[in-house]
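Residue-level structural notes
Below, each chain spelled out in residue letters.
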Amino acid sequence: MYLNVTQKSRDLLRDYPVVRSVEAAHRATRRNPLFSWHVTAITHHQQRFVLFNHDASALCVVLNVTNESAERLADRFWDQLAAQWPQYGLAPADLTTYRQVAGDWQINQPGDHRPIHRLNEQGMYVGFLWDQGITSTLEMSLLVAQTPQLGRQRPAHQVVTIKADLAPQRFVWQED
């Protein structure tokens, strides 16, 4: 699974393997957006959050990593995704299949800045939610996934299509 990581979150993901070829990884993420996520970190009122935005759906995973060690990040990501999965009508067994097909994390640099723009918008919303007293990262993740994009562009993915976007028959790794 490819994580296209912004500079702001590189320190948190430094212990995970980096792709050997950035260009090959970018080609692979375009063929396999189902197994590609964009990642950034934000700091808001002395709280540090990591946002994972799925490239092929509206899924967003928000983790508060203020007092967390980086080596547990992958475990927390998968636990948070498992908590969200049934909220969208997806079967837990399908998450297991998704995780097996996706494979281990591979750190890459972003190739397209549109998802980064979206992550920045979502980061502002995480700060707004924190200020409103919403501290549950599960609740934040579900609410952030629903936020419309700013401006006039139509969001590429919407919450109502997550179940179809993540249909298990689509869990196929496309090779060259």
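The chain appears in an unreviewed UniProt entry as DUF6933 domain-containing protein from Levilactobacillus spicheri.

Examined against the element boundaries, Leu150 turns out to sit in the loop between helix H5 (137-146) and helix H6 (162-165). Between the C-alpha atoms of Leu150 and Arg10, which are 140 residues apart in sequence, the distance is 26 Å. The contacts of Leu150, once residues within four sequence positions are left out, are Glu121 and Met124.

Our focus in this paragraph is the nonpolar core. Counting 49 residues, the largest nonpolar core has Leu3, Trp37, Phe52, Phe77, Tyr98 and Trp105 as its most contacted members. Elements supplying a minimum of two residues to this core: strand S1 (2-5), strand S2 (36-44), strand S3 (47-54), strand S4 (60-64), helix H2 (73-84), helix H3 (92-102), helix H4 (114-131) and H5. With five residues, the single largest contributor to this core is H2.

For the structure shown, the criterion picks out 14 aromatic pairs. Ring centres of Trp37 and Phe77 lie 5.1 Å apart, and the angle between their planes is 90 degrees; this geometry places the pair in the edge-to-face category. One end of the pair, Trp37, is in strand S2; the other, Phe77, is in helix H2, with 40 residues separating them in the sequence. Accessibility assignment for this pair places Trp37 and Phe77 in one class, buried. Measuring from centroid to centroid gives 5.8 Å for Tyr125 and Phe128, while their planes differ by 15 degrees, and the two rings are stacked. You can see Tyr125 and its partner Phe128 sitting in helix H4, three residues apart, about one turn around the helix. Judged by relative accessible area, which is 26%, Tyr125 ranks as partly exposed. Here the aromatic residues Tyr2, Tyr16, Phe35, Trp37, Phe52, Phe77, Trp78, Trp85, Tyr98, Trp105, Phe171 and Trp173 are joined through ring pairs into a cluster of three or more.

What counts and how
- Residues numbered from 1 in each chain as written.
- Predicted model: local features only at pLDDT ≥ 70, side-chain atom pairs only at ≥ 80, totals over all residues.
- Heavy atoms only, no water.
- Helix = DSSP H or I, 4+ residues; strand = E, 2+ residues; numbered from the N terminus.
- Contact = heavy atoms within 4.5 Å.
- Core = buried A, V, L, I, M, F, W, Y, C linked by side-chain atoms within 4.5 Å.
- Buried < 20%, exposed > 50% of the residue type's maximum accessible area, 1.4 Å probe, protein only.
- Phe/Tyr/Trp six-rings, centres within 6.5 Å; stacked < 30°, edge-to-face > 60°.

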